[in-house]
Amino acid sequence: MKTLLCIILLLPFTFFSQEQTSSEKFWEQLQAHCGKAYEGEITAGGVAGDGFTGKKLVMHVRACDTNDIRIPFFVGEDKSRTWVLHLNEEKIISLKHDHRHEDGSEEEITQYGGTNSNVGLANLQMFPADPHTSNLIPAASTNLWWFTIDEKNFTYNLRRIGSERVFSVRFDLTNEIETPSSPWGTEE
């Protein structure tokens, strides 16, 4: 009888409790780094003269809201890039690349990216190019961006399907660095 009573009392909790999606688990792992900055290194696709090779690469998980995370990505003294992640009501994550001039105004090529087609994995989220990206940058129509995260590393990756284009940067999450100043277009 006691067992039956316990089952009856706990039954409503099983209906109301909802297991986290993989995207929510990914989101929480990333939010745990909010306010922190990390240095990275190119692990694929870097070549002399590409604007990235030989420069200090820094990601700063600068702003974390319930449904938005902003991560400036600095390349040397260039503070024009911010990755903007958005978690929608269906628990699907989208990625946009916010590019700014030093005066804070938007660059001509900005707000490109994509939306994951599903909840992904707790340590991997993929973003195929969306229609806005295809219209803005036709050559990027086959771009696939993805992020990975684990206890030690965070990676940003780009692959242009049907080409040799690949680019990957790995950031060491075990070695926090000094928080950088604001990205272009953002106030302190």
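The structure contained in this document is the topic of the report that follows. Please read these numbers as outputs of a predicted model, since none were measured by experiment.

### Overview of the nonpolar core
At step 1: Counting residues in each nonpolar core, the largest one holds 32 residues, and the members touching the most others are Leu30, Trp83, Leu85, Phe147 and Phe154.
At step 2: Only helix H2 (22-31), strand S2 (57-60), strand S4 (68-75), strand S5 (78-87), strand S6 (93-99), strand S9 (143-149), strand S10 (153-160) and strand S11 (166-177) provide two or more residues apiece to this core.
At step 3: In contact with Phe147, not counting residues within four places along its chain, are Phe26, Trp83, Leu85, Leu95, Asn123, Leu124, Gln125, Phe127, Phe154, Thr155, Tyr156 and Asn157.

### A short note on the side chain of Thr110
At step 1: Here Thr110 shows up in the loop between S6 and strand S7 (112-115).
At step 2: Aside from chain neighbours lying at most four places away, what touches Thr110 is His97, Asp98, His99, His132 and Leu136.

### With respect to the side chain of His99
At step 1: Structurally, the position occupied by His99 is in strand S6.
At step 2: Judged by relative accessible area, which is 10%, His99 ranks as buried.

### Looking at the pattern of salt bridges
At step 1: Tallied over the entire structure, the rule returns seven salt bridges.
At step 2: For Arg170, the salt bridge is made with Glu41, and the minimal N-O distance between the two is 2.5 Å. Taken together, the residues span a long stretch of sequence, with Arg170 in strand S11 and Glu41 in strand S1 (residues 37-44) at a distance of 129 residues.
At step 3: Residues joined by salt bridges that share partners form a network here, namely Arg70, Asp98, Arg100 and Glu106.

### Describing H2
At step 1: Here H2 has its buried residues at Ser23, Glu24, Phe26, Trp27 and Leu30. Here the buried residues of H2 occupy an arc of 160° about the axis, which is enough to place them on one side.
At step 2: In this structure, the buried residues of H2 make contact with S4, S5, S6, strand S8 (124-128), S9 and S10.

### Details of the pairing of S5
At step 1: Counted residue by residue, S5 has eight buried out of ten residues, so it is predominantly covered.
At step 2: One ladder, built from seven bridges, connects S4 with S5; its direction is antiparallel. Across the sheet, the residue bridging to Ile71 is Trp83, located in S5.
At step 3: As consecutive antiparallel partners, S4 and S5 are separated by two residues, and within that stretch Gly76 has a phi angle of approximately 60°, a positive value.
At step 4: Hairpin remark: S5 followed by S6, antiparallel, with five residues in the connecting loop; positive phi at Lys91, about 70°.

### Here we look at the pairing of S11
Look at any regular strand and the pattern is simple: side chains alternate between the two faces of the sheet.
At step 1: Where S1 meets S11, six bridges bridge the pair, whose relative direction is antiparallel. Among the inter-strand pairings, Ala44 is bridged to a residue of S11, identified as Ser168.
At step 2: Here seven bridges tie S10 to S11, and the two strands are oriented antiparallel to one another. When the bridges of S11 are listed, Arg159 appears paired with Val166.
At step 3: Taking the residues between adjacent antiparallel strands as the criterion, S10 and S11 are bridged by five residues, where Gly162 takes a positive phi near 85°.

Thresholds, definitions, all that
- Along each chain, residues carry numbers from 1 onward, in the same order as the chain's sequence is written.
- This being a predicted model, a pLDDT of at least 70 is required before a residue's local features are given, and a value of 80 or more before pairs of side-chain atoms are given or counted; all residues contribute to the totals for chains, interfaces and linings.
- As a rule here, side-chain values cover all heavy atoms of the structure and leave hydrogens and water aside.
- Buried Ala, Val, Leu, Ile, Met, Phe, Trp, Tyr and Cys residues that are joined via side-chain atoms within 4.5 Å together make up what is termed a nonpolar core.
- Remark: exposure states derive from per-residue accessible area (1.4 Å probe, protein chains only) relative to the maximum for the residue type, with buried under 20%, exposed over 50%, and partly exposed in between.
- Here a helix means four or more residues in a row that DSSP labels H or I, a strand means two or more in a row labelled E, and each is numbered from the N terminus.
- Note on contacts: a residue pair qualifies if any of its non-hydrogen atoms lie within 4.5 Å across the two residues.
- When a carboxyl oxygen of Asp or Glu is within 4 Å of a side-chain nitrogen of Lys or Arg, the pair counts as a salt bridge.
- Arc, as used here, means the arc of the directions from the helix axis to the C-beta atoms.
- Between any two strands, at least two bridges found by DSSP are needed for them to pair.

Note that every value here comes from positions in space, so none of it alone points to a role or purpose.
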